[in-house]
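Examining the three-dimensional arrangement
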Amino acid sequence: MPTKPEILSSSPTGRSEVVLDIDQLAVHFQLQGGALSRLFGLKARRVRAVDGVSVSLKRGEVLGLVGESGSGKSTFGRALLGLVPATDGRITYHSQDRGERRVSEMRGAELRQLRTDLQMVFQDPHAALNPSMTIEEAVGHPLVIHKIASGKALKTQVAAALERVGLSPVERFLPKYPSDLSGGQKQRAVIARAIILNPEVLVADEPVSMLDMSVRAKILQLMLDLKQEMGLTYVYITHDLASAKYFCDRIAIMYLGRIVEIGPTAEIFENPRHPYTKALLKAIPEPDPDRMVPRDLPRGEIPDAAEPPLGCSFHPRCAEAIEGCGWESRDLRTLIEEHWTRKVEAYDDEKAVIGDLGSLDQPSTTARIGAGGAGQVRALLDRIKAEKPDEPLWKGVRDIEDAGNAVEVHFVPADAPKLRRAGGVDVACVLYPDES
Amino acid sequence: MRGLLRQIWNTKGLARWILLVGAIVTVVFVLFALFAPWIAPFDFNQTRDAAGVKFEKLASPGSGHLLGTNDQFYDICSRVVWGARTALEVVLLSVVLSVVIGVPLGLVSGFLGGWVDRVLVFVMDAIYTVPYLLLAIIFAFMLNDRIGSGIVAAALSLVAIYIPQYFRVVRNTTVSAREATYVEAARAIGARPTTIMRKYLFGNVVQSVPVIGTLNAADAVGTLAALGFLGLGIQPNEASEWGYDLSRALDDAQAGVWWPALWPGLAIVLLITGLTLVGEGLNETLNPALRRRRLLPVRFTPREKVDAT
Ligand SMILES: Nc1ncnc2c1ncn2[C@@H]1O[C@H](COP(=O)(O)OP(=O)(O)O)[C@@H](O)[C@H]1O
Ligand SMILES: [Mg+2]
């Protein structure tokens, strides 16, 4: 397999440092409602899988993309290859030999051509291989598709690629079907298929998370070796910060379609700034049982990406939340319901005072609740507050106004925080002053 | 497809017997069809022997005619053997044609989605809801004016009712296979849609086609006979067709002449049974969803009688 000597000669000159430039990328999915909701003209839900991400990928680096499942990492990775269309924003690929190219505007043949330079490794190696293709066919297919090699040359290149990913003796693996291989071997085959076109950038979407513990390190090492040999640039997607520490030069922490913190790996680990990063770091299992600390995972679950929280989308789960985080009606509902789980005996009476909570589901900085008289509702809210006075939600309440039988709780409105410089990293959190 | 033969070979238990019996019955008819000129004592439309002497009408079995003759002076044994050829020709033609049309149509429809898919699904569902015999009769009528009533016409009237079956199965499998990671992986290496359909989807969505094929074949034998019985199928001087012979023989059967009705009727039943058994056997073997797991009995160890004391 030919290597890319031009990389070695050109990188010291510093030509075109950035290989992929992502500018305010957004990928939204329109969810089709059921037939019934379409009949009633209900508005279709829109999942903001990626919602305004800007990042530059430098040639030769490993950028880690870390976040819980559902934070939009895979969608981001797929958008880089043009596998899902960008709803908004721009992806620019600075090709080594073809100059600047707009991935986000490519279609059809142009997009297929792009895949000789940008490649992807998938999470589930078993699902990523066609069950009815042999390893030889599967790994060689990119060369056939792009009419790069056929016949004997094809076989030679396939063999070289398999050799390169450690599937040797090659003759033994060529005629195998995916179902005959182990998970690690399958992932090696998937990697071989991805590198056979000599790409510049490899997007690896949780490449080891489905593999046995024992082979994870080997696969990651293989990927590092390949990066050295072939001058690759990686986007490494994972939900596991520990493997990112081992693998990445730079880490971007993603939450609900946005980057909340991005910086050099060492800086992220030594001095995490965003409360979400801190929570993720605490959640890393401690290898030393004596040093086990109680792991406080962020409370609650990752919210619905179709209706993200107002303001900072992490605020409902944040341990350091303050008044300007974007508190809203749904947070109040959660709080009241939590109160009832603690005070079950009070539920019937208080439910009558509060009335229907359904209206709180509509995201708003004004929450109107109550059916049993404003005074009683206020008293109830005071009782709830007294239970947990340091609950951060109360800091975000600007005032409570009587409105007939009910009260209107007004929260301090807030926009989603933008990424800002803080020490060696960029972080999107109101705790750090925005200097721009 | 590679595992298919091995899977069939490795079939166990009841499925194996079903498959075996079905295969034997079917093979016998296939042999009849292939070697009809050598097996059958006479031609299917022969009414005189070599010396030019006309056969006896409704001759009873044995006397020079192994199974007797019918009211049209035909030798029943020859008609039955030649009938196998007609039936299998029609079946083969109709199944092959409906596979060749239905499978790609389902593949493209399921893969493309959108309005193409919606229109095709609507049309196919509409065809599917009409009772199939009625549909076959309509088509036979329409084709009668244009290309007569030969084997091709009979096969074509069956094709129309079978296409929707392949279409539905292949289309639905494609819709779910389209979301598979290996299809996205194929896009990621730059495969065009036609390549994805040919190399990545086709092999994985045609798994159930052999089963539908054999079951359709069984069904086709019955429908062909029904058309013949109604006088819409193949005419007796064009080819021997069991359904037609059966309908001619009914009057005689009431008069106590049983042999012209028995043999074609038996042939129809046997061939349908044989093909159905093959289809069901294949279904048991190839269709993991329908395959019943062999459950091992779970035994709980007796609880220690601690709290009883
Ligand atoms: N094809 C799709 N259609 C609709 N919603 C999708 C699709 N793909 C992803 N999503 C949604 O986008 C969000 C982000 O998903 P994903 O990118 O897979 O996250 P991650 O890889 O971080 O787990 C999720 O809420 C998911 O349900
Ligand atoms: Mg993912």
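An account of the accompanying structure is given in this report. These figures come from a predicted structure and were not determined experimentally. (Residues numbered from 1 in each chain as written. Chains lettered and ligands numbered in written order. Predicted model: local features only at pLDDT ≥ 70, side-chain atom pairs only at ≥ 80, totals over all residues. Heavy atoms only, no water.)

Moving on, we come to the sheet that holds strand β5 (residues 99-102) of chain A. Residue and element names in this part refer to chain A. An order of β2-β1-β4-β5 is seen for the 4 strands of this open sheet, with the pairing classed as antiparallel. The open sheet is flanked by β2 (46-58) and β5, the only strands paired with a single partner. Taken pair by pair, the neighbouring strands of this sheet meet at an average axis angle of 20°, ignoring direction. Taken together, the 4 bridges between strand β4 (residues 88-95) and β5 define a ladder with antiparallel strand orientation. Among the inter-strand pairings, serine 95 is bridged to a residue of β5, identified as glycine 99. The strands that helix α3 (residues 73-80) touches are β1 (18-30), β2 and β4; relative to β1, the one it contacts most, it runs at about 120°. (Pairing = 2+ DSSP bridges. Helix = DSSP H or I, 4+ residues; strand = E, 2+ residues; numbered from the N terminus. Axes fitted to C-alpha atoms, helices over the stretch in contact; angles between N-to-C directions. Contact = heavy atoms within 4.5 Å.)

All names here are of chain A. Considering all chains together, one arrives at 25 salt bridges over all chains under this definition. Its salt-bridge partner being glutamate 320, residue lysine 278 comes within 3.0 Å of it at the nearest N-O pair. Here the residue lysine 278 occupies a position in helix α13 (residues 275-282), and glutamate 320 occupies one in the loop between α13 and α14 (329-342), the gap between them amounting to 42 residues. According to the relative accessible area criterion, lysine 278 is partly exposed, its value standing at 25%. According to the relative accessible area criterion, glutamate 320 is partly exposed, its value standing at 31%. (Salt bridge = Lys/Arg side-chain N within 4 Å of Asp/Glu carboxyl O. Buried < 20%, exposed > 50% of the residue type's maximum accessible area, 1.4 Å probe, protein only.)

Residues and elements named next belong to chain A. The end-to-end C-alpha separation of helix α10 (residues 213-230) is 26 Å, in line with the 26 Å expected for 18 residues at 1.5 Å each. Taken residue by residue, α10 has Ile219, Leu220, Leu222, Met223, Leu226, Lys227 and Met230 as its buried positions. Buried residues in α10, looked at end-on, bunch into an arc of 155°, giving them a common side. Those residues of α10 that are exposed and aimed more than 90 degrees away from the buried face are Ser214, Lys218 and Gln228. Glycine 231 sits one or two residues past α10 and shows a positive phi near 60°. (Expected span 1.5 Å × (residues − 1). Arc of directions from axis to C-beta.)

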